[in-house]
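Structural characterization, general
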Amino acid sequence: MTETTYTHSAAPPPGDGAKTRSPEYRLAQNALRGLRHDLFEDAFAYRPLPLRRTDGPFVRRLPGRLRSSAEHLPHAVVGAVALLTLCAGALGSGLPGGNALALLAGLLCAFPVLATLVRPIGAFWLSLAVTPVVAVLSGSGGEWPWMPGAFVCHLAVLIVVALRTRPRTAAWMWVLTAAYAFLSDIVFGGSYYYTNSGPMMVTSAFALLVVSLRHVRHTAQQEVTAQQTVTAQERSRRTLLEERTTIARELHDVVAHHMSVVAIQAEAAPYRVENPPPELERAFATIRENAVAALTELRRVLGVVRAEDYEAPDAPQPTLADLDALLANVRDTGLDVEKVVTGAVRELPQGVELSAYRIVQEALSNSLRHAPGASARVEIGYVLGGLGLRVVNGPAPAPNLLKPSPGAGHGVTGMRERVTMLNGEMTAGPTDDGGYEVAVFLPVASVNEGDA
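A brief look at the structure comes next. Fair warning: this is a prediction, and the values are worked out from it, not measured in the lab.

1. Some points on the sheet that holds strand β2 (residues 375–383)
Taken in spatial order, the five strands make up an open sheet running β1-β2-β3-β5-β4, and their pairing is mixed. Two strands close off the open sheet at either side, each with one partner strand: β1 (336–342) and β4 (425–430). Strand-to-strand twist across the sheet, computed as the mean angle between neighbouring axes with direction ignored, equals 10°. In this sheet, β2 lies alongside β1 in parallel orientation, the contact comprising seven bridges. Along β2, the bridge assignment pairs K339 with V378. In the packing of helix α12 (residues 411–421) onto the sheet, contacts are made with β4 and β5 (436–443), and the angle to β4 comes to roughly 160°.

This is the structure:
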């Protein structure tokens, strides 16, 4: 069953005369407005019962044909209940089995149940209207005001309509059913020695309470799911910002260091030349001024990403030359890692060296967490126009005492951010043998000798 959503138009602002009305009056007015909206406005509107979703935990395990047929399961259940109501109305009316009136009573009891498939609110009114008609057709029965077929019919209609609407509508249907039972017992039930209004009210109250609790639970689950989705998005956005902040800090340290060196060398260069010409002194002074201005602007722009408690590292940032120490440390933790270098090893920009080191470090950390006991291979290729990295690990051995320890899921995000900031390319995914591979290319602009 699927809940049908009703839109409730906002009430017009009260006039000056409504300010003096009591809270009880306004509460009763709102309640009657809800009754009119739920059960009287467009009561016989066409609202077909939607198909059942097939992505549930149980339905999706069924074979293809059964899963497609499960879409019509609610309609089949309602049809089966209508058939049961037909039999109860025809056989429990107290009339001879072959009597046409008995068959008519059964059809009248089954019709409101079938009407819940397309006009749920109208089916409730039809059920109330059918109840006295079936009682009259049954003649001098021993049950009042609900004959057996009408009892099953009205109870089924209440449950189906409550499933398709909301708890407030279910409460109003129960109140109107109680009012009908009271009028039937007091005004029209004098000739009947037994009334089943009590069983009807108790049974329907329990059934509607269960349905209302289901609605509340379903609504709570939807809110929790929506909140979890928002939380996951916020966590991913925060992780992205944190990675960018870390990268910006490191690049800030690298660029700031080089700009400071340029400024110092430009200031000291004229003193290394005996009797330098004035043009040379002015040129070096201009270089120093531009370097200091660029350094100041760089600190002003990138300095906002520093946390208040962040301190610049005293030691130099790691490069690919420090990769052997990293691999030795990783081997001590139990990961069998191999390093392969191709191409002519050369010095790269410090930002590229630092990012390459961090990418290899994070990829090996992921191998330790997700595939303990596996072997890994680090390939570094110095090619024309850039640096290629490939870190691949095999699957974890089957009989393994060490269990995977999943991390926060931010490692690949950080690697992609580093590659993106250097205008590189990266692919990451599982391999055919069950392992995992990270492939990165970091472009490096070539410097011509004439430009040096």
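2. Re a nonpolar patch on the surface
Residues F182, L183, I186 and V187 make up a contiguous nonpolar surface patch of roughly 430 Å² in combined accessible area. Assignment of secondary structure puts V187 in helix α7 (residues 167–188). The exposure class assigned to V187 is exposed, which follows from its relative accessible area of 52%.

3. Examining the pairing of β5
Here eight bridges tie strand β3 (residues 386–393) to β5, and the two strands are oriented antiparallel to one another. Each bridged residue has a counterpart across the sheet, and for L389 the counterpart in β5 is V440. In sequence, β4 turns back onto β5 through a hairpin of five residues, with G434 there showing a positive phi of about 95°.

4. Focus: the packing of helix α4 (residues 100–115) against helix α5 (residues 120–137)
Running from N to C, α4 and α5 point in directions that differ by 165°, and their axes come no closer than 8 Å. Relative to α5, α4 is oriented roughly antiparallel. Seen along the crossing, α4 lies across α5 with a hand that is left-handed. Only P120, A123, L126, S127, V130, V133, V134 and L137 of α5 make contact with α4, whose side of the interface consists of L101, L104, A105, L108, C109, F111, P112 and A115.

Reading the values: rules and limits
Residues numbered from 1 in each chain as written. Predicted model: local features only at pLDDT ≥ 70, side-chain atom pairs only at ≥ 80, totals over all residues. Heavy atoms only, no water. Pairing = 2+ DSSP bridges. Helix = DSSP H or I, 4+ residues; strand = E, 2+ residues; numbered from the N terminus. Axes fitted to C-alpha atoms, helices over the stretch in contact; angles between N-to-C directions. Contact = heavy atoms within 4.5 Å. Patch = residues over 30% accessible without salt bridge, like charges linked within 9 Å, V, L, I, M, F, W, Y side chains within 5 Å. Areas by Shrake-Rupley, 256 points an atom, 1.4 Å probe, with all protein chains shown as cover. Salt bridge = Lys/Arg side-chain N within 4 Å of Asp/Glu carboxyl O. Buried < 20%, exposed > 50% of the residue type's maximum accessible area, 1.4 Å probe, protein only. Parallel < 35°, antiparallel > 145°, perpendicular 65-115°, else oblique. Left-handed = near helix turned anticlockwise from the far one by under 90°.

None of the figures reported here should be taken as evidence of function without further support.
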